[in-house]
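# Geometric and topological summary
Residue-level listing of the chains:
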Amino acid sequence: QVQLVESGGGLVQAGGSLRLSCAASGHTFSSYAMGWFRRAPGKEREFVAAVTRSATNTYYADSVKGRFTISRDNTKNTVYLQMNSLKPEDTAVYFCAAKMDNGWGNTQRQFYIYWGQGTQVSVSS
C-alpha cells in the first residue's frame, strides 16, 4: 500500500512557475514508476508526465514538453513536477500516481494503482 500526498499548487500568473511535490508513504517507493496527471474543468483526467523508478526514463505529454520537468528523490520518497511558462490552459487539479515499473504503460492512467487527492493549479491570464 502506498499513500500519496500532493502539495505546491496555487494561483499564478501566466508565464509564471510552480513546483509540485508528491510525498509517498512506505518503503517501496523506489519500486514504482511515478506519474502526474491533471483534470481540467469539464475534461477527463489526462497524462502529464512520468518517471521510471530509477529516473532513467521520463515521459511527457506534448502539451507540456519543454515547459514541465518531472524528477524524483528516492531518498525522500518524493516526486516533483517543475512547471515553467505556465499557461491558462494548464489550470487543473494535478494528481500524482504510482504504478509498478514493468516497462510499459507509463503514460496510461489505467495502469496506475495508487493516486493522491490532488492539488489545484490555477493560472490567470
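Our structure is the block above this text.
Residues numbered from 1 in each chain as written. Predicted model: local features only at pLDDT ≥ 70, side-chain atom pairs only at ≥ 80, totals over all residues. Heavy atoms only, no water.

### Some thoughts on the pairing of strand E8 (residues 78-83)
For the record, the criterion: A simple rule labels every residue: compare its accessible area, found with a 1.4 Å probe on the protein chains alone, to the largest value its type can have, and call it buried under 20%, exposed over 50%, or partly exposed in between. Secondary structure is summarised from DSSP: a helix means a run of H or I of at least four residues, a strand means a run of E of at least two, and numbering begins at the N terminus for each. A pair of strands is treated as paired once DSSP finds two or more bridges between them.
Counting buried positions along E8 yields 5 of 6 residues, so the element is predominantly enclosed. Pairing between strand E3 (residues 18-24) and E8: 6 bridges, direction antiparallel. Bridge pairing in E8 places Arg-19 opposite Gln-82. With 6 bridges connecting them, strand E7 (residues 68-73) and E8 associate as antiparallel partners. By the bridge assignment for E8, Phe-68 is matched with Met-83. Between E7 and E8, which pair antiparallel one after the other, the connecting turn spans 4 residues, and Asn-77 there sits at a positive phi close to 55°.

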